[in-house]
Amino acid sequence: MSYVDEVLERVIAKNPAEPEFHQAVKEVLESLRPVIEANEDKYRKEALLERLTEPDRQFKFRVPWVDDKGQVQVNTGYRVQFNNSIGPYKGGLRLHPSVNLGIIKFLGFEQIFKNSLTGLPIGGGKGGSDFDPKGKSDREVMAFCQSFMTELCKYIGADTDVPAGDIGTGAREIGYMFGQYKKIRSVYEGVLTGKGLSYGGSLARTEATGYGLLYLTEEMLKCNGHEMKDKVVCISGSGNVAIYATQKAQQLGAKVVTVSDSTGWVYDPEGIDVALLKEVKEVKRARLTEYAAARPSAQYHEGRGVWSVKCDIALPCATQNELLLEDAKELVANGCIAVAEGANMPTTLEATEYLQQNKVLFAPGKAANAGGVATSALEMSQNSERLSWTFEEVDSKLKNIMVNIFHNLDDAAKRYGKEGDYVTGANIAGFEKVADAMIAQGVI
Ligand code: NDP
């Protein structure tokens, strides 16, 4: 049996009931086959893949807090420190009822390669909790965040592990967590990114993932003889990534006609009104029905359905496994030329294969949404320097990083005879640096 197959079997056997983690490992290792097979003896002797698929350590802890009625609630907190061979662990904190260890491990594993692709010195980690901030008062969110950080603060630090936002963790949650860290540890350091501008946050961090997604997509289109201007774009989600992806796509001359949330989706043939979307989602924290009610050109539909709309470019920006094989078939039938993942692993393996077989340009999340973590790393640099850069400085660094990421994965794919296969390219480019660093640092 090949080394890759052996390790895949072992990962499934050792981590039962973690299907998302299996999926992420399978996708990465399958596409690394050409690299692994070219160096099979060396990597096998080093047990490199076994080490890469086993987190350095993982924490699971109780998070008790008191709700507004005086009732004690208990959630579970997680932090998985996956790999720090090229820098301190770095990755977001997801607050969503679906969170479990397998989800955090899949995200942490993907983060290793994404962070490596940015070219910046950051390792891979991820964390979160099954707490749902939706429908909670600010006081309840603060109570949860303080309790969560009371435990998490033992394991993180500006040079050790630097968490950030993710689904359900925005500026409000980061603020409460940062405050609690500072109170308990008595140090003012850049231990979290995505902070508010008044206390060490970076300009352009809020916009970074969505903007970065568009910078990479634009470069991918350009290198394949297309441009963003006048393209029709379907976006899913209506959170941080989706909002700023919509904004940048429109700045680049495209028309975004859909957004969604977990209850329904909006089709707006006139183009999404970003100011209204921000008002509904960032200020009122309301459902998309409110967007549709305020916008005569918009149609609201219950359930899922974004990918049934005819478009040139599809940008899934909500959550994992939200673009299925049947959606991929519909996109291809409707003439879609490119899919770039704003979310983490939103496209299933079968859907990805179908899109690639049908010559749809496909940029995987670990490259396409790396702008968020890259700008987080820029926030870390500013905190270390005790300086703040202008929006334009950060945005131009972000753009350079995204363009470089695209060329790195394009080159890596070409080196292994897989031209145009950006999934393989991203995994190879991300892996090579981490593998070198792991081997150089010995068996640890
Ligand atoms: P937000 O919480 O701001 O928004 C998430 C959006 O996705 C919301 O519109 C939400 O709808 C929707 N959504 C969540 N779960 C589901 C579901 N099960 N079915 C349908 N829709 C769902 O998160 P972000 O925008 O920050 O993150 C979106 C994705 O991007 C995630 O995969 C995240 O890991 C990834 N990502 C985020 C980065 C960042 O910087 N924020 C960086 C890199 C990746 P509702 O409001 O109804 O829940």
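Procedures and definitions
- Residues numbered from 1 in each chain as written.
- Predicted model: local features only at pLDDT ≥ 70, side-chain atom pairs only at ≥ 80, totals over all residues.
- Heavy atoms only, no water.
- Helix = DSSP H or I, 4+ residues; strand = E, 2+ residues; numbered from the N terminus.
- Rg over C-alpha atoms; globule rule 2.2 N^0.38 Å.
- Buried < 20%, exposed > 50% of the residue type's maximum accessible area, 1.4 Å probe, protein only.
- Lys, Arg positive; Asp, Glu negative; His and termini not counted.
- Charge placed at Lys NZ, Arg CZ, Asp CG, Glu CD.
- Axes fitted to C-alpha atoms, helices over the stretch in contact; angles between N-to-C directions.
- Parallel < 35°, antiparallel > 145°, perpendicular 65-115°, else oblique.
- Contact = heavy atoms within 4.5 Å.
- Pairing = 2+ DSSP bridges.
- Domains from an automatic or database assignment.
- Buried area = accessible area lost by both parts, 1.4 Å probe.
- Salt bridge = Lys/Arg side-chain N within 4 Å of Asp/Glu carboxyl O.
- Polar contact = N/O pair within 3.5 Å; in protein donor to acceptor, adjacent residues only side chain to side chain.
- Nonpolar A, V, L, I, M, F, W, Y, C, P; charged D, E, K, R; others polar.
- 1 Å grid on protein atoms, 1.4 Å probe; cavity = no way out; pocket = protein on both sides within 12 Å on 5 of 7 lines; lining within 4 Å.
- Points joined across faces, edges and corners; volume = space filled by probe spheres on them.

1. Focus on the overall build of the protein
Point 1. What the protein contains, in helices and strands, is 17 helices and twelve strands.
Point 2. The C-alpha atoms of the protein give 21 Å as radius of gyration, which agrees with the globular expectation for 444 residues (22 Å, within 12%).
Point 3. Considered along the principal axes of its C-alpha atoms, the protein spans approximately 65 × 55 × 45 Å.
Point 4. Counting all 444 residues of the protein, 58% fall into the buried class.
Point 5. Positive and negative side-chain charges in the protein, numbering 51 and 59 respectively, have mean positions lying 4 Å apart.

2. Re the packing of helix 16 (residues 391–415) against helix 17 (residues 422–440)
Point 1. Across the interface, helix 16 lies against helix 17 with an axial gap of 7 Å and an inter-helix angle of 100 degrees. One element, helix 16, and the other, helix 17, form an angle in the roughly perpendicular class. Here helix 16 contributes Phe-406, Asn-408, Leu-409, Asp-410, Ala-412, Ala-413 and Arg-415 to the contact with helix 17, which in turn contributes Tyr-422, Gly-425, Ala-426, Ile-428, Ala-429 and Glu-432.

3. Some words on the sheet that holds strand 3 (residues 89–95)
Point 1. Strand order in the open sheet formed by five strands is 1-2-4-3-5, with mixed pairing between adjacent strands. Either end of the sheet is taken by a strand with one partner, and the two such strands are strand 1 (57–66) and strand 5 (161–164). For this sheet the average axis-to-axis angle between neighbouring strands, irrespective of direction, equals 20 degrees.
Point 2. Alignment of strand 1 against strand 2 (residues 72–83), held across ten bridges, turns out to be antiparallel. Bridge pairing in strand 2 links Lys-60 to Tyr-78.

4. Quick word on the domain arrangement of the protein
Point 1. Looking at the protein, the domain boundaries give domain 1 (3–190) and domain 2 (207–363).
Point 2. A C-alpha centroid distance of 26 Å is found between domain 1 and domain 2.
Point 3. Residue-level contacts link 15 residues of domain 1 with twelve residues of domain 2.
Point 4. Of the roughly 1,000 Å² buried at the junction of domain 1 and domain 2 (both faces included), carbon and sulfur atoms supply 48%.
Point 5. Across the contact surface, domain 1 and domain 2 share zero salt bridges.
Point 6. At the junction of domain 1 and domain 2, the tally comes to three residue pairs in polar contact (both at pLDDT 80 or more).
Point 7. When contributions to the side of domain 1 that touches domain 2 are tallied by element, the ones reaching two or more residues are helix 2 (19–38) and helix 5 (101–117).
Point 8. A per-element tally of the side of domain 1 that touches domain 2 places helix 2 first, with five residues.
Point 9. Taken together, the residues that form the side of domain 1 that touches domain 2 break down as five nonpolar, one polar and nine charged.

5. Points about the layout of surface pockets
The gaps left among the atoms become clear once a water-sized probe is rolled over them.
Point 1. The computed volume of the second largest pocket comes to approximately 480 Å³.
Point 2. In terms of lining, the second largest pocket is formed by 23 residues, of which the most central are Gly-190, Met-380, Gln-382, Asn-383 and Ser-384.
Point 3. Here the lining of the second largest pocket is composed, by residue class, of eleven nonpolar, eight polar and four charged.

6. As for the side chain of His-22
Point 1. Locating His-22 in the fold gives a position in helix 2.
Point 2. Setting aside residues up to four positions removed in sequence, His-22 forms contacts with Val-11, Ile-12, Asn-15 and Ala-17.

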